[in-house]
Amino acid sequence: FREQPIFSTRAHVFQIDPNTKKNWVPTSKHAVTVSYFYDSTRNVYRIISLDGSKAIINSTITPNMTFTKTSQKFGQWADSRANTVYGLGFSSEHHLSKFAEKFQEFKEAARLAKEKSQEKMELTSTPSQESAGGDIQSPLTPESINGTDDERVTPEVTQNSEPRAEPTQNALPFTHSSTISKHWEAELATLKGNNAKLTAALLESTANVKQWKQQLAAYQEEAERLHKRVTELECVSSQANAVHTHKTELNQTIQELESTLKKKEEEIEGLKQEIENARELQAQRDSLTQKLQEVEIRNKDLEGQLSDLEQRLEKSQNEQEAFRNNLKTLLEILDGKIFELTELRDNLAKLIECS
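Here's a quick rundown of the structure.

How each quantity is defined
Residues numbered from 1 in each chain as written. Predicted model: local features only at pLDDT ≥ 70, side-chain atom pairs only at ≥ 80, totals over all residues. Heavy atoms only, no water. Helix = DSSP H or I, 4+ residues; strand = E, 2+ residues; numbered from the N terminus. Buried < 20%, exposed > 50% of the residue type's maximum accessible area, 1.4 Å probe, protein only. Contact = heavy atoms within 4.5 Å. Phe/Tyr/Trp six-rings, centres within 6.5 Å; stacked < 30°, edge-to-face > 60°. Salt bridge = Lys/Arg side-chain N within 4 Å of Asp/Glu carboxyl O. Core = buried A, V, L, I, M, F, W, Y, C linked by side-chain atoms within 4.5 Å. Pairing = 2+ DSSP bridges. Patch = residues over 30% accessible without salt bridge, like charges linked within 9 Å, V, L, I, M, F, W, Y side chains within 5 Å. Areas by Shrake-Rupley, 256 points an atom, 1.4 Å probe, with all protein chains shown as cover.

1. Section: the overall build of the protein chain
Broken down by element type, the protein chain carries seven helices and eight strands. Burial analysis of the protein chain (355 residues in total) assigns 20% to the buried set. Sequence-distant contacts, at least 24 apart, represent 54% of the contacts inside the protein chain between residues at least 6 apart.

2. Here's the deal with the packing of aromatic side chains
A ring pair, where both rings are aromatic, is described by two values, the distance of the centres and the angle of the planes. Inspection of every chain in the model, using the stated rule, returns 14 aromatic pairs. With 5.3 Å between their ring centres and 65 degrees between their planes, Trp 24 and Phe 74 make a pair best called edge-to-face. Of the two residues, Trp 24 sits in strand 2 (residues 24–26) while Phe 74 sits in strand 7 (residues 74–79), which places them 50 residues apart along the sequence. For Phe 74, a relative accessible area of 16% corresponds to the buried category. Seen from their ring centres, Phe 67 and Trp 77 are 6.1 Å apart, and the 35 degrees between their planes marks the pair as tilted. Pair noted here: Phe 67 is in the loop between strand 5 (54–60) and strand 6 (68–69) and Trp 77 is in strand 7, with a separation of ten residues, a long-range link. The same class applies to Phe 67 and to Trp 77, which are both buried. Here a set of aromatic residues connected by ring pairs shows up, and it is made of Phe 7, Tyr 36, Tyr 38, Tyr 45, Phe 67, Trp 77, Tyr 86, Phe 90, Phe 99, Phe 103 and Phe 106.

3. Examining the pattern of salt bridges
Following the criterion strictly, the structure yields seven salt bridges and no others. Ionic pairing is found between Arg 42 and Asp 39, a salt bridge with its closest N-O pair at 2.9 Å. For Arg 42, a relative accessible area of 38% puts it in the partly exposed group. Classification of Asp 39 by relative accessible area gives buried; the value is 0%. For Asp 346, the salt bridge goes to Arg 345, with nearest N and O atoms at 3.9 Å. The partly exposed category is assigned to Asp 346, whose relative accessible area is 35%. Beyond isolated ion pairs, a larger network of salt bridges with shared partners links Glu 108, Arg 111 and Glu 115.

4. Quick notes on the nonpolar core
Tyr 36, Ile 47, Ile 57, Trp 77, Leu 88 and Phe 99 are the most contacted members of the largest nonpolar core, which has 23 residues in total. Elements that contribute at least two residues to this core include exactly strand 1 (3–16), strand 3 (32–39), strand 4 (44–51), strand 5, strand 8 (84–89) and helix 1 (93–131). The element that contributes the greatest number of residues to this core is helix 1, accounting for six residues. For Trp 77, the contacting residues outside a window of four places in its chain are Ile 47, Ile 57, Ser 59, Met 65, Thr 66, Phe 67, Val 85, Tyr 86, Leu 88, Phe 99 and Phe 103.

5. Brief notes about the pairing of strand 3
Counting buried positions along strand 3 gives seven out of eight residues, so the element sits mostly inside the fold. The pairing of strand 1 with strand 3 spans eight bridges and is classified as antiparallel. Within the sheet, the bridge partner assigned to Pro 5 lies in strand 3 and is Phe 37. When strand 3 meets strand 4, the two strands line up antiparallel, connected through six bridges.

6. Re a nonpolar patch on the surface
On the surface, a cluster of nonpolar side chains totalling about 390 Å² of accessible area is made up of Phe 323, Leu 327, Leu 330 and Ile 333. By secondary structure assignment, the location of Ile 333 is in helix 7 (residues 240–354). Residue classification places Ile 333 among the partly exposed positions, given a relative accessible area of 46%.

7. A closer look at the environment of Ala 110
Take Ala 110: it is sitting in helix 1. As a C-alpha pair, Ala 110 and Thr 60 span 50 residues in sequence and 9.7 Å in three-dimensional space.

8. Regarding the pairing of strand 4
Counting buried residues along strand 4, seven of its eight residues qualify, which places the element largely inside the surrounding structure. Between strand 3 and strand 4, which pair antiparallel one after the other, the connecting turn spans four residues, and Asn 43 there sits at a positive phi close to 55 degrees. Connecting strand 4 to the antiparallel partner strand 5 that follows it, the hairpin turn spans two residues, and Gly 52 within it adopts a positive phi of roughly 75 degrees.

Shown next, in the form of structure tokens:
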């Protein structure tokens, strides 16, 4: 392929929101490969990135572009041809710096290539203007688009311009040699005939220049469209290995995500089971709470009854204590009476015995 990748890295791709011109819109769900491509035939540098088969970056580097670092891991540049601003988010500051260095290097190379191209155009345009006498400029024709008109017309015009300078430089040889003079006269007549034909062709071309310009514009639009399509196909082809590697990485990532998802599903099932258990425990807790409240109510009732019983017991104990005291008093009195009766009996017995 005429266009080959010369530097690649991975980054998250963003584009500026066309409506607000402030917010960034991500054009890739994950980090993708971003590559610098060099077209050796046209001496053009481009930044290309694919997300699957879709080209999310297709930016030609021009000398007036500027890559700006807006943070330690993010950079951006504006593409006037695409009428957008691209942004790249890198995994580290080192990758951002490397990308910015390559951008500056290829921007300078594009500037030098543009200057060389302008110099070549000036060099090629100067002889053609001199050969036309400075007044008549050769218009664009359908043949010149295909490259046949330049090959056919330029040599004849050059031959026509060179003999015009020869007579003044070789005036002395013409006066000394009639044979050479006749030869040059015949050559000059031939060139005059060719010049007349070319003049007629130029006049005809001038008459049809508007039509040719319209056709040229249509051809240019079609060529641009085909070039973009070919570029996209070349990008897809040139990045086949990178896409295959990226696909392998994606497959591995998908497998890891599926494994993680399976584990998460198992964790979710476990959590659901724990939630069910928690709900059952909550129901049991509510039931126990209700029973506890009932027990507390019964406990309060029992405490009230116990307090009443304690009061009654204390009262009973007091009554029993008073009763015991009364009994002790009665017993003491009874003992005194019994002692007196015993003495009385003994005295009576003694009296009986004495009598």
